[in-house]
Amino acid sequence: MTGAFYDGLAGSYDLMFPDWDASMARQASQLSEFIPPGARVLDCACGIGTQAIGLARRGYSVVGADLSPVAASRAVVEASARGVSLPAFAADMRALPFADDSFDVVLAADNALPHLLTADDVLAALREMRRVLRPGGRLILSTRDYDEILRERPLSTPPLVGPGRVVWFQLWHWDGDQYELEMFQLHEADSWRVVVGKTRYWAITRHEITELVERAGFGYVEWSLHAYYQPLMVAPNG
């Protein structure tokens, strides 16, 4: 379900941003505060490259992986168009196709981890992230603020208007601490064309993530609530 959702979204994902390149640059600038100079970075949920391309343009050596082969392929093309190299592969973060101790930083941004719907699956992914990290490396995650969201349990998101008058909004259908998300895209042509995709998330809290990160063997977990557009977690490998 998740891979198919992002396969379908890959061709238009950039239209969620008023200015995708500006968003790349801004997010990379914020993330670079937590990434040492010269680090080799794995973005294990790279999508079409929003974070990975921005970091590559700041001089980091970045490798991408994503559950969606369509998104990963587009990330490679978009990076090349901007003059940077981004090797990117189709891969499940629970089974990363990289050798042990390969990276200085593993990044999973933009609410990717909560697509895993059980503690066992999240733990499997975190252990894989730790496996490919070098000793002393760093894990960086960002998720929606589910501590706040669970108190309010919203049923929808406000509409956003992207380039070319593409209108985006989401409907959320709650089931305990999980929700099915319906993503609506309205494209203006001679008449409005509607595209709908569905995926599912676990509204996992910061406490729950922290416990699982520590169980996976990482060191002291730190959360920054205002350094990035989502709550950002940083944890050292060991």
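The structure displayed is predicted, hence computed values, not measured ones.

Rules used throughout
Residues numbered from 1 in each chain as written. Predicted model: local features only at pLDDT ≥ 70, side-chain atom pairs only at ≥ 80, totals over all residues. Heavy atoms only, no water. Helix = DSSP H or I, 4+ residues; strand = E, 2+ residues; numbered from the N terminus. Contact = heavy atoms within 4.5 Å. Core = buried A, V, L, I, M, F, W, Y, C linked by side-chain atoms within 4.5 Å. Buried < 20%, exposed > 50% of the residue type's maximum accessible area, 1.4 Å probe, protein only. Pairing = 2+ DSSP bridges. Axes fitted to C-alpha atoms, helices over the stretch in contact; angles between N-to-C directions. Phe/Tyr/Trp six-rings, centres within 6.5 Å; stacked < 30°, edge-to-face > 60°. Lys NZ or Arg CZ within 6 Å of the ring centre and 35° of its normal.

Looking now at the environment of Trp 20. Along the chain, Trp 20 falls in helix H2 (residues 20-31). Along the chain, Trp 20 and Ala 203 lie 183 residues apart, while their C-alpha atoms are 27 Å from each other. The contacts of Trp 20, once residues within four sequence positions are left out, are Asp 14, Ile 48, Gly 49, Thr 50, Ile 53, Arg 74, Glu 78 and Arg 82.

Side chains of nonpolar character tend, in soluble globular proteins, to be buried together. In terms of nonpolar packing, the biggest core is built from 45 residues, with Leu 31, Ile 35, Val 41, Leu 55, Val 62 and Ile 140 touching the most fellow members. With residues up to four places along the chain from it excluded, the contact list for Val 62 reads Val 41, Ala 52, Leu 55, Ala 56, Ser 85, Leu 86 and Pro 87. Core analysis: the second largest hydrophobic core is formed by 34 residues, Ala 125, Val 213, Ala 216 and Phe 218 among them.

The strand order across the open sheet built from four strands is E6-E7-E8-E9, with neighbouring strands paired in antiparallel fashion. Two strands close off the open sheet at either side, each with one partner strand: strand E6 (160-162) and strand E9 (192-202). Direction aside, neighbouring strands of the sheet carry axes that sit 25 degrees apart on average. Across the sheet, helix H1 (residues 2-9) is in contact with strand E7 (166-175), strand E8 (178-188) and E9; its angle to E9 comes to roughly 150 degrees.

In the structure shown here, the tally under the stated rule is 11 aromatic pairs. Ring geometry for Tyr 13 versus Phe 17: centroids 6.0 Å apart, planes at 55 degrees, classification tilted. The exposure class of Tyr 13 is buried, given its relative accessible area of 15%. Look at Phe 89 and Phe 98: their rings are 6.0 Å apart centre to centre, the planes differ by 70 degrees, and that puts the pair in the edge-to-face class. Taken together, the ring pairs in this structure connect Tyr 146, Trp 172, Trp 174, Tyr 179 and Tyr 201 into an aromatic cluster. Stacked on the ring of Tyr 201, the Lys or Arg Arg 144 has its end atom at 5.2 Å from the ring centre. Cation over ring: Arg 153 sits above Trp 174, and NZ or CZ is 4.9 Å from the ring centre.

A separate point is unusual backbone geometry. The phi angle at Asp 101 is positive, at roughly 60 degrees, despite the residue not being glycine. With respect to the secondary-structure elements, Asp 101 resides in the loop between strand E3 (88-90) and strand E4 (103-108). Unusually for a residue other than glycine, Arg 165 sits at a positive phi of about 55 degrees. Residue placement: Arg 165 occurs in the loop between E6 and E7. Given a relative accessible area of 46%, Arg 165 falls into the partly exposed group.

Inspection of the secondary structure puts Ser 12 in the loop between H1 and H2. Among residues more than four places away in sequence, those in contact with Ser 12 are Arg 74, Trp 168, Gln 185 and His 187.

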